Each structure stands twice: as C-alpha cells, then as structure tokens.
Amino acid sequence: MKSLIHLAGIVCLASLMALPATAAPIAAIAREPRPVVEVQYRLRTCSPIEAVRKARAYGLRNTRIVAITPRRIVVRGRDHYGPIRIAFSNRQGCPLIRR
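Treat the numbers as computed from the prediction; the structure is a model and nothing was measured.

Notes on the pairing of strand 1 (residues 61-68)
Relative to strand 2 (residues 72-79), strand 1 runs antiparallel, the two being bridged by five bridges. Opposite Arg 61, over in strand 2, you have Arg 78 as the bridge partner. Here strand 1 folds back onto strand 2, and the loop between the two strands holds three residues.

Below is the structure:
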C-alpha cells in the first residue's frame, strides 16, 4: 500500500513538472534581477559579482559594471534620487571608495 502511495506521489510530481512555467505575468518576469554568472577570482581581489551585490545592498537598482581597473571597480545604477555611480576598491571585501 505504501509503495502505491509513493508511486502516486511521484506521478503527481512528474505531471506538475511538465506544466509550462509561462503562467506568471509578464510584469513580474521583467522585474526579476538579471542572472549573474559566477567566475572564480583570486582571493585578494574584489569580484565584479561581489561589487554588484554590495551596490544592491547600498540601495542601487539596475546595477551594471561600468569599468574594471587594477585598482577599482565602478558600478552604475539608480537609487530613489536618480542615476548614481559607486566605486569599490579592487581589494578583498570590496571596500567603498566613492559614492
């Protein structure tokens, strides 16, 4: 009896996974953050992914990397006042240089 219940559960889950994922409204899909590709960086430098995450933590939306130099990473985005750029040092932990 238990194996029959388990089999019915598996069939139910398989049928749910076959449903298309297009039931979400288009407006909700447009607001999802863009996927970030993880790249392994040296431990002593600031990765661009970490800089974008810190910029989002500071309240920036629509963040993009503008420039990467050996000394700094510049991230552009918008806050509630308008467009803004934030510069992070290219060191471990991405310390803030300029907002």
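Some words on the nonpolar core
The biggest cluster of nonpolar side chains holds 10 residues, and these are Cys 46, Ala 51, Ala 55, Leu 60, Ile 73, Val 75, Ile 84, Ile 86, Phe 88 and Cys 94. Contributions of two or more residues to this core are made by helix 3 (48-57), strand 2 and strand 3 (82-89). With three residues, strand 3 is the single largest residue contributor to this core. Once residues lying within four places of it in the same chain are set aside, the contact partners of Ile 86 are Tyr 58, Leu 60, Ile 73, Val 74, Val 75, Leu 96, Arg 98 and Arg 99.

A short note on the state of the cysteines
Two cysteines joined by a covalent bond between their sulfur atoms form a disulfide. All told, the structure shown has one disulfide when counted by the stated rule. Disulfide pairing is shown between Cys 46 and Cys 94; the S-S distance is 1.6 Å. Residues Cys 46 and Cys 94 share a disulfide whose torsion about the S-S bond is about 90 degrees; that sign makes it right-handed. With Cys 46 in the loop between helix 2 (26-30) and helix 3 and Cys 94 in the loop between strand 3 and strand 4 (96-98), this residue pair connects regions lying 48 residues apart in the sequence. As far as burial versus exposure is concerned, Cys 46 and Cys 94 are alike and both buried.

Here's the deal with helix 3
Helical geometry: 3.6 residues make up each α-helical turn, so side chains three or four residues apart lie on a common side. Here helix 3 has its buried residues at Pro 48, Ile 49, Ala 51, Val 52 and Ala 55. Down the axis, helix 3 shows its buried residues gathered within 160 degrees of arc, on one side only. In helix 3, those exposed residues whose orientation departs by more than 90 degrees from the buried face are Arg 53 and Ala 57. Contacts made by the buried residues of helix 3 are with strand 1, strand 2 and strand 3.

With respect to the sheet that holds strand 1
Read across the open sheet, the four strands follow the order 1-2-3-4; overall the sheet is antiparallel. Taken across any chain shown, the strands that pair with only one partner, and hence form the sheet edges, are strand 1 and strand 4. This sheet shows a mean twist of 35 degrees between the axes of neighbouring strands, independent of strand direction. Strand contacts of helix 3: strand 1, strand 2 and strand 3, with the helix running at about 140 degrees to strand 1, the strand carrying the most contacts.

The rules we used
Residues numbered from 1 in each chain as written. Predicted model: local features only at pLDDT ≥ 70, side-chain atom pairs only at ≥ 80, totals over all residues. Heavy atoms only, no water. Pairing = 2+ DSSP bridges. Helix = DSSP H or I, 4+ residues; strand = E, 2+ residues; numbered from the N terminus. Core = buried A, V, L, I, M, F, W, Y, C linked by side-chain atoms within 4.5 Å. Buried < 20%, exposed > 50% of the residue type's maximum accessible area, 1.4 Å probe, protein only. Contact = heavy atoms within 4.5 Å. Disulfide = S-S within 2.5 Å. Arc of directions from axis to C-beta. Axes fitted to C-alpha atoms, helices over the stretch in contact; angles between N-to-C directions.

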